[in-house]
Amino acid sequence: MIEEKLDTLVTLVDESCPNLKNRAEFDNFKASISGPRGQLTEIMKSMGSVPKEEKPAMGKKINEAKQLIQKSFDAANNRIEEAELVSSLGAPIDPTLPSPDEAKGAIHPIAQVRDQVVDLFHRIGFSVAEGTELETEYYCFDALNIPSDHPARDMQDSYFMPESLSISNVSKKTDEQYLLRTHTSSVQIRTLLEEKPPIRIVAPGRCFRRDTPDATHSANFHQIEGLYVDKKVTLTDLKATLDYFVKQVFGASAKTRLRPSFFPFTEPSFEMDFYSPDLGKLSNKWLEIMGCGMVDPEVFKSVGLDPEEYSGFAFGMGIERIAMILQGVDDIRYYYHNDIRFLRQFSGIKQ
Ligand code: DAH
């Protein structure tokens, strides 16, 4: 008896569901089956009168019927939901149509500055080189004359990968570790091993250091590296190139100065400061913006170039630092929050 009733009910639900036209019809029908006084509920109540030995088989049958009924309900529910969505939108959705939004999206302020800097160097003959964000100690340190016991490694507190890791497109020796590159200087080595001088490249990219984030530090930031290698490249070339860059970015009246510094991969090494009367609050103050110097003979040796024959200069700058100066931003973290109110200020789109 119960079995037949269940079969009849399953068939009824299966046949009725596709004909339910809207949410109200669906809800009413569902209540008539599985609501407190629904047909399925009534059948389940009658389980009490089933002899003990038949109960397990009957329980199984009821569960199967419940599942079939649920399946029909789900299908009807989905169909009705979709119809509701389409009617609320007024038309079927065509995802290939252009967006009706006025705002078309914009380039991120950090990417804007990166593109501006790359473009300025492009105009004077530098092309763009790329490395990898996951690096080996060799490219990031050893080949740049930073041996494993050198304190300069500590200055760049790094994210190392587990020793067991092996990545097919970045080869490493057995006794070294992968790390996230701490600076774009690793691209100098990759380029010097791949190309013959004259080499004139800029390498923009993401870098990683174990910094505690504050207003001017982020564990993930961006740099632009520059490298020029040829015969008879001099310090005058470096100074002239950076002067050009600073005047283009910070105004024709800007001045630069080189302060002696130390980097293992350049000799002599400098910090470059600039000073501009056209920078609002920051006008007429010396501001440090990059490290630079003449390529160290040890770097040439590690890539198989003769330091007697070739010379070159290199420089590296933080994109965020330049962006903050140009855009008047006083906390680096704004660049990463993706707060649309912040980003819109640099989008060129009307607010
Ligand atoms: N790699 C250095 C850093 O991250 C920046 C730098 C300094 C790059 C001097 C250079 C250079 O190419 O010549 O702090």
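Parameters and conventions
Residues numbered from 1 in each chain as written. Predicted model: local features only at pLDDT ≥ 70, side-chain atom pairs only at ≥ 80, totals over all residues. Heavy atoms only, no water. Pairing = 2+ DSSP bridges. Helix = DSSP H or I, 4+ residues; strand = E, 2+ residues; numbered from the N terminus. Domains from an automatic or database assignment. Contact = heavy atoms within 4.5 Å. Expected span 1.5 Å × (residues − 1). Buried < 20%, exposed > 50% of the residue type's maximum accessible area, 1.4 Å probe, protein only. Arc of directions from axis to C-beta. Polar contact = N/O pair within 3.5 Å; in protein donor to acceptor, adjacent residues only side chain to side chain.

## Some points on the pairing of strand β6 (residues 255-263)
Link 1 in the chain: Two strands pair when backbone bridges link them, and β6 and strand β7 (residues 266-275) are joined in this way by eight bridges, in the antiparallel orientation. Bridge assignment links R257 to a residue of β7, and that residue is D273.
Link 2 in the chain: Where β6 folds back onto β7 in an antiparallel hairpin, the turn is made up of two residues.

## Remarks on the domain arrangement of the protein chain
Link 1 in the chain: Taken domain by domain, the protein chain comprises domain 1 (2-89) and domain 2 (109-131 + 198-346).
Link 2 in the chain: Taking only C-alpha atoms, the centre of domain 1 and the centre of domain 2 are 69 Å apart.

## Quick notes on the environment of I107
Link 1 in the chain: Note that I107 resides in the loop between α4 (55-89) and α5 (109-123).
Link 2 in the chain: Along the backbone, I107 and L343 are 236 residues apart, and their C-alpha atoms lie at a distance of 9.1 Å.
Link 3 in the chain: Setting aside residues up to four positions removed in sequence, I107 forms contacts with Q112 and D115.

## Considering helix α2 (residues 23-34)
Link 1 in the chain: Taking 1.5 Å of rise per residue, twelve residues should cover 16 Å, and α2 covers 16 Å from first to last C-alpha, within 8% of that figure.
Link 2 in the chain: Every buried residue belonging to α2 is among F26, F29 and I33, and all of these are buried. Buried positions in α2, seen along its axis, are confined to an arc of 75° and lie on one side of it.
Link 3 in the chain: Elements that come into contact with the buried residues of α2 comprise α1 (2-16), α3 (39-45) and α4.
Link 4 in the chain: Regarding α2, its N-cap is N22, as a side-chain oxygen of that residue lies 3.3 Å from the backbone nitrogen of A24 further along.

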